[in-house]
Amino acid sequence: DQQVKQNSPSLSVQEGRISILNCDYTNSMFDYFLWYKKYPAEGPTFLISISSIKDKNEDGRFTVFLNKSAKHLSLHIVPSQPGDSAVYFCAANGNAGGTSYGKLTFGQGTILTVHP
Amino acid sequence: NAGVMQNPRHLVRRRGQEARLRCSPMKGHSHVYWYRQLPEEGLKFMVYLQKENIIDESGMPKERFSAEFPKEGPSILRIQQVVRGDSAAYFCASSPPRKSPLHFGNGTRLTVT
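Cut-offs and rules
- Residues numbered from 1 in each chain as written.
- Chains lettered and ligands numbered in written order.
- Predicted model: local features only at pLDDT ≥ 70, side-chain atom pairs only at ≥ 80, totals over all residues.
- Heavy atoms only, no water.
- Contact = heavy atoms within 4.5 Å.
- Buried area = accessible area lost by both parts, 1.4 Å probe.
- Salt bridge = Lys/Arg side-chain N within 4 Å of Asp/Glu carboxyl O.
- Polar contact = N/O pair within 3.5 Å; in protein donor to acceptor, adjacent residues only side chain to side chain.
- Helix = DSSP H or I, 4+ residues; strand = E, 2+ residues; numbered from the N terminus.
- Nonpolar A, V, L, I, M, F, W, Y, C, P; charged D, E, K, R; others polar.
- Buried < 20%, exposed > 50% of the residue type's maximum accessible area, 1.4 Å probe, protein only.
- Pairing = 2+ DSSP bridges.
- 1 Å grid on protein atoms, 1.4 Å probe; cavity = no way out; pocket = protein on both sides within 12 Å on 5 of 7 lines; lining within 4 Å.
- Points joined across faces, edges and corners; volume = space filled by probe spheres on them.

Novice: Can you break down the interface of chain B and chain A residue by residue, with the values?
Specialist: Of the residues lining the interface, 26 residues belong to chain B; the matching set on chain A comes to 22 residues. Taken together, the two surfaces of chain B and chain A that pack against each other cover about 1,800 Å², and 57% of this comes from carbon and sulfur. Together, Leu 43, Lys 99 and Pro 101 of chain B form the three largest contributors to the area buried by chain B at its contact with chain A, with a combined 30%. At the surface where chain B touches chain A, the tally comes to one salt bridge. Between the two partners, chain B and chain A, sit eight residue pairs in polar contact (both at pLDDT 80 or more). Taken together, the elements giving at least two residues each to the side of chain B that touches chain A come down to strand 4 (31–37), strand 5 (43–50) and strand 9 (88–95) of chain B. Here the side of chain B that touches chain A is composed, by residue class, of 11 nonpolar, eight polar and seven charged.

Novice: Summarise the environment of Asn 57 of chain A; cite the residues concerned and give the values.
Specialist: Residues and elements named next belong to chain A. Note on placement: Asn 57 falls in strand 6 (residues 56–59). Between the C-alpha atom of Asn 57 and that of Ala 91, which follows or precedes it by 34 residues, the distance is 15 Å. Here Asn 57 is in contact with Ile 48, Ser 49, Ile 50, Phe 62, Thr 63 and Val 64, once residues within four sequence places are set aside. At a separation of 2.7 Å, a polar atom in the side chain of Asn 57 contacts the main-chain carbonyl oxygen of Ser 49.

Novice: Please give an account of the pairing of strand 9 of chain B that cites residues and values.
Specialist: Residue and element names in this part refer to chain B. Most of strand 9 is tucked away, with eight of its eight residues classed as buried. Side-chain alternation along strand 9 places Ala 88, Tyr 90, Cys 92 and Ser 94 on one buried face and Ala 89, Phe 91, Ala 93 and Ser 95 on a second face that is also buried. Across seven bridges, strand 4 lies against strand 9 in antiparallel orientation. What sits directly across from Val 32, in strand 9, is Ser 94. Relative to strand 11 (residues 108–112), strand 9 runs antiparallel, the two being bridged by three bridges. Bridging across to strand 11, Ala 88 finds its partner in Leu 110. Bridge count for strand 9 against strand 10 (residues 103–104) is two bridges, and the pairing is antiparallel. Bridge assignment links Ala 93 to a residue of strand 10, and that residue is Phe 104.

Novice: Residue-level account of the layout of surface pockets, with values.
Specialist: The computed volume of the largest pocket comes to approximately 400 Å³. Phe 89 and Gln 108 of chain A together with Gln 37, Glu 40 and Glu 41 of chain B are the residues nearest the centre of the largest pocket, which is lined by 21 residues in total. Top contributing element to the lining of the largest pocket by residue count: strand 9 of chain B, with three residues. In this structure, the second largest pocket is lined by 20 residues; those nearest its centre are Gln 3, Leu 104, Thr 105 and Phe 106 of chain A together with Phe 45 of chain B. The set of elements that each furnish at least two residues to the lining of the second largest pocket consists of strand 9 (86–93) and strand 10 (105–106) of chain A together with strand 5 of chain B. By residue number, the principal contributor to the lining of the second largest pocket is strand 5 of chain B, which donates three residues.

Shown next, in the form of structure tokens:
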């Protein structure tokens, strides 16, 4: 029962172009979404998050869009840089205002490769 | 400010042995979470602890797995009588006592031979 899905196992992009990573979810109770980036042999690093009361959140080169009716979110990276090459995980939480906000449901990850 | 520290980084155990994984949260963080990542999969929640309390262990296998976060010292994830299927990367994460993204350690890679 995969409640958070990242259907693209990998994505290859040219340096300077836009990278778009997609994520779909099935659980209507999810109301807080995060993107994590992971390099090999390291732990995930938090990138950006969005609450369900918003449909867009921006932080520098990273923008996350949330479409609640479609249960879909996406991460845009522009411009992409070779250092962005990593595995990107989408994660969701359904405890708005609760205490277990660290209990996350992760997608399977998308490997992003940015070519110079 | 040191991040989340996990040790050992790599652990090899034979079937039937015990594995002990340690996690020291970031300074000021009182909430600890353990996640497991099987090959080619995303991270799966296992357990959420605060000092001396297990808050949510809904992701823990019913047998052989236990976790603790004592008043003093690191959090420990213990796996008794390991089997090959326990081979995975185990990540610990911590957060302060307020809504905040998790900070993850670099994980312990457990290999059961």
